[in-house]
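# Descriptive structure summary
Chain residues, written in single-letter form:
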Amino acid sequence: MSTTQERPADAVEREIGRDRRRKEDQRLITGRTRWTDNITLPGMVHLAMVRSPFAHARITSIDTAAAKESPNVVDVLTGADLGESLGVNINAWPITPGQVTPTHSPMPSDRVAFAGEIVAVVIARSPAEARDAAELVDVEYDVLPAALDLKEAAAATGDQGALAHPDLGTNKSAYWVFDSGEAGTGGSVEDAIAKARTDGIVIEREYRQQRLIPAFMEPRSTVVDPTGEQLTMWSATQIPHILRFALAATTGVPESKIRVIAPDVGGGFGGKLQTTPEEWITWAVARRLGKPAKYTETRSESLMAGHHGRDQWQRLTLAAEKDGTVTGFKVDLLADLGAYVSLVGGGIPVLGAFMYNSIYKFPAYRFAVQTVLTNKTWTDAYRGAGRPEATFAIERMMDELAAEVGADPLEIREKNWIKHEEFPFTTVAGLEYDSGNYEAATARAKEMLGYDELRAEQRRRRESGDPVQLGIGVSTFTEMCGLAPSRVLGSLDYGAGGWEHASVRMLATGKVEAVTGTSAHGQGHETAFSQIVADRLGVAFEDVEVLHGDTQVAPKGLDTYGSRSLVVGGEALVRAADKVIEKAKPIAAHLLEASVDDVEFSGGRFSVRGTDQGMAIGEIALATFAAHNLPDGVEASLDSDATYDPVNFNYPHGTHLCAVEVDTETGALKLRKYVCCDDIGNIINPLIVAGQVHGGLVQGIAQALWEEAVYDESGTLVSGSFVDYLLPTAADTISFEIDHTTTPSTTNTLGTKGVGEAGTIASTPAVVNAVVDAVRHLGINDIQMPCTPERVWKAITGAGGGPTEGAAMPHFDASTGMEGTVDRTTGGTDA
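Residues numbered from 1 in each chain as written. Predicted model: local features only at pLDDT ≥ 70, side-chain atom pairs only at ≥ 80, totals over all residues. Heavy atoms only, no water.

## Some words on the overall build of the protein chain
Across its full length, the protein chain holds 22 helices and 32 strands. In the protein chain, which comprises 831 residues, the share counted as buried stands at 61%. When contacts within the protein chain are restricted to residue pairs at least 6 apart in sequence, those whose partners lie at least 24 apart make up 79%. Surface exposure of the protein chain reaches about 29,700 Å², of which carbon and sulfur atoms provide 49%. (Helix = DSSP H or I, 4+ residues; strand = E, 2+ residues; numbered from the N terminus. Buried < 20%, exposed > 50% of the residue type's maximum accessible area, 1.4 Å probe, protein only. Contact = heavy atoms within 4.5 Å. Areas by Shrake-Rupley, 256 points an atom, 1.4 Å probe, with all protein chains shown as cover.)

Put into structure tokens, the structure is as follows:
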């Protein structure tokens, strides 16, 4: 990997910018990990969950007698047995005041709303004995009609169509709208569309965001110990602080009596940004028995009952002048919540609402989403959370506009994007982008791909009728990340803030403890944060210990999601370290017998201006600890805290280019080349960044080509194992070429931007655009994801059943979920 990031002359001596191998990896790769499932406590019992095989059914009886007689079974409990001690699983983001939110009991006693919902728990001396006994629990169900198809569920009224929760009388949860004309951030999108129908271009498309499964490496696991002064929960979670709050808020146990620990966590991708029924059940069982209890899910349980992501229909209307200048963009969205409105599930489409305009200067914009309840596993955040869906929509539409105008896709983008000299720029969605240079990133990506040469090859293949056609896909993206500020989140009715807390403790030996409220699950926090603190204090990288993931060690924090750890948590650490320096300065001046105004700090050393007198910060730490000779009124501690609440999001961006070969006779696809040039501000550790980008690319490409959670007509997940859910391996992908340009963020001291979700956000439309580009000359303008060889072949042979050129295209109204027809401007075949 290369980088165009400028480095200061003394960069060799600095930690920031160095390719440091991760501190965490030594214990991870040598098996000395602290996974939740590794935890064993005296007298601990093990749980197995009994789950409904039906998507929607009334529970008529549960017979636990045979299971209770099974060897080493301690008890078998139902929702009726546990009652109010179970608490409830909460929704922290009601996106409208009138949002319809079904009560989410961790273990319902009357009715199940999705296949995989828990109806009983078996408690035994070992996991195997618990699972064996779970097979003996006899549950009788009265099967009910299930709401499974998203569009049909949106249109259901009770008199017609199945309801996911009949008592609610509707499947519609919330209808949320942003309109630039009403918000005062732009003009009327309806006026722009009407004008374009007369003397411009109107393009209308409907895209499907298929349902995905986070598929993290470590299955979810929970251990609860109720035997001490505090109740302690270990959980494979991204959100120990939020989990602690939610437990206190819903189970009646004071927050001060709850300790939550997220030990080593093996991946999350948003899939562990959740308060789960399994955590609440384990908590209730441990309290009831007075014994430590553990639950670890199987992989099939993880795929079936851990929350899913995406699952949307996008109805898009783009208005433009005849030269390709966009004048308006309208988005109507149906979003499948699944059976319940989960922790932040209802808000995921809202996060995307501010990104459909992406890097472009659209004068008018409207976004509307109808969230819908169905009898499927509930959905919530999955890597990117709303922003991949938005980027896919606009980047697909920009390719459609280029095809209509007859221009190169990059030329159309450049015509509409924000120029580097126009930053800071307030967008039609009301956000202020602080920095960026789309021209530089695109120029570098074109060079890396050999864009012009590949376009020439593509023309030659077209002219020769080569059965293997070449497609070139483009994705120019930005995202809002560093989930904050608190005031903005509050204006969107989000239930928490966006601040982050950190502490820096100087030990007497000169070592440093850096405590962060973020909670790592594979990102490399211990390494990157050590580099930041080491640079700030001028101490050795090895002398910094990063502490996290334990609400007793790090009592304040808002955890890890939304690419916020570095830009929010890292900035909090910088501010705490700066406070340490300021507290140490008067002590150093006193010991050096100098005025505070004459004391300078650099490279870990306090010195007196104009002299060679000085003391290292470690020496000051020891003198402070001894407290034998401190200035009057100065406390004997350098330890400092900081809470940082950003004033803005930050906005990484990049250009991703993909070359794909498509065999038009078989539909087979081959990734030929993938390059990206991202601008993520100043880089702390290039090695960690490379890992984040590569991993993100694979996940985004997987959505384009392989992954899909599929239900049958009865609501059973038929892709419930890795045999059927096509998770790619390294053998399925190619080597990626990545690079960076740098425009530092102006919203934080380090000039950094988020990177954890960038690859996932940008890569999906790049690949799909490449696939469609390869066959567009055959009259095809869309292939539904995942673009399997079968779907590509059907599109090519005209067997996809989609509308042909000039036909009216089915669409839906997001407010009603009802289908109708509109005349579309451009033709082709949708597969």
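The structure having been displayed, the exposition proceeds.
## Details of the nonpolar core
Most often, soluble globular proteins have nonpolar side chains that are buried together. Judged by nonpolar contacts, the single largest core of 95 residues is most densely connected at W176 and F329. W176 has contacts with I95, T96, V350, A353, F354, F367, A368, V369 and L492, leaving out every residue within four places of it along the chain. Counting residues in each nonpolar core, the second largest holds 43 residues, with V504, M506, V539 and I617 among its members. (Core = buried A, V, L, I, M, F, W, Y, C linked by side-chain atoms within 4.5 Å.)

## Some remarks on the sheet that holds strand 21 (residues 544-547)
In spatial order, the strands read 21-20-19-25; together these 4 strands make up an open sheet with mixed pairing. Of all the strands in the sheet, just strand 21 and strand 25 (640-644) have a single pairing partner and so form its edges. Each strand of the sheet is rotated relative to its neighbour by a mean of 15°, with strand direction disregarded. With 5 bridges joining them, strand 19 (residues 500-506) and strand 25 adopt antiparallel strand pairing. (Pairing = 2+ DSSP bridges. Axes fitted to C-alpha atoms, helices over the stretch in contact; angles between N-to-C directions.)

## A look at the pattern of salt bridges
If you walk through the whole model with that rule in mind, you get 58 salt bridges. A salt bridge links K753 to D679, with the nearest nitrogen and oxygen atoms 3.5 Å apart. With K753 in the loop between strand 28 (737-741) and helix 21 (758-775) and D679 in strand 27 (residues 669-679), this pair connects stretches of sequence that are 74 residues apart. The two residues K753 and D679 agree in class, both being buried. Ionic contacts of the salt-bridge type, sharing partners, join the residues R51, R220, E278, E297 and E301 into one network. (Salt bridge = Lys/Arg side-chain N within 4 Å of Asp/Glu carboxyl O.)

## A short note on helix 20 (residues 686-705)
With 20 residues, helix 20 should cover 28 Å at 1.5 Å per step; its first-to-last C-alpha distance of 28 Å lies within 8% of that length. The buried count for helix 20 comes to 15 of 20 residues, which makes it a mostly enclosed element. For helix 20, the capping residue at the N-terminal end is N685, with a side-chain oxygen 2.9 Å from the backbone nitrogen of L687. (Expected span 1.5 Å × (residues − 1). Polar contact = N/O pair within 3.5 Å; in protein donor to acceptor, adjacent residues only side chain to side chain.)

## Notes on the sheet that holds strand 18 (residues 468-478)
Here we have 4 strands laid out as an open sheet, ordered 18-26-27-28, and mixed in their pairing. A strand with exactly one partner marks an edge of an open sheet, and here the two such strands are strand 18 and strand 28. Strand-to-strand, the axes of this sheet are offset by a mean angle of 15°, without reference to chain direction. Of the strand pairs in this sheet, strand 18 and strand 26 (residues 653-663) are connected by 11 bridges, and their pairing is antiparallel. In the sheet register, G473 faces strand 26, and the bridge partner there is C658.

## Regarding the side chain of D225
Looking at the secondary structure, you find D225 in strand 9 (residues 221-225). One buried charged residue, D225, remains without a salt bridge, the closest side chain of opposite sign being R259 at 8.9 Å. Reaching out from D225, the side chain makes a polar contact with the side chain of T227 at a distance of 2.6 Å. Not counting the four nearest positions on each side in its chain, D225 is found in contact with L41, Q230, L231, T232, W234 and P292. (Lys, Arg positive; Asp, Glu negative; His and termini not counted.)

## Section: the packing of aromatic side chains
Here the structure, examined in full by the defined rule, presents 16 aromatic pairs. Ring geometry for F54 against Y141: centres 5.3 Å apart, planes inclined by 70°, an arrangement best described as edge-to-face. Of this pair, F54 sits in the loop between strand 1 (45-51) and strand 2 (57-63) while Y141 is found in strand 6 (residues 138-143), placing the two residues 87 residues apart along the sequence. Classification of F54 by relative accessible area gives partly exposed; the value is 33%. When the centroid spacing of 4.6 Å and the interplanar angle of 50° are considered together, the rings of F601 and F606 count as tilted. Taken together, the aromatic side chains of W176, F178, F354, Y356, Y365 and F367 make up a single cluster linked through ring pairs. (Phe/Tyr/Trp six-rings, centres within 6.5 Å; stacked < 30°, edge-to-face > 60°.)

## Re unusual backbone geometry
Geometrically, the link from F423 to P424 is a cis peptide bond, its omega value of -5° lying close to zero. Looking at the secondary structure, you find P424 in the loop between helix 13 (409-416) and strand 16 (425-426). The residue after A484, namely P485, is reached through a cis peptide bond having omega -5°. The phi angle at S358 is positive, at roughly 50°, despite the residue not being glycine. By the secondary structure assignment, S358 is in the loop between helix 11 (348-353) and strand 15 (365-373).

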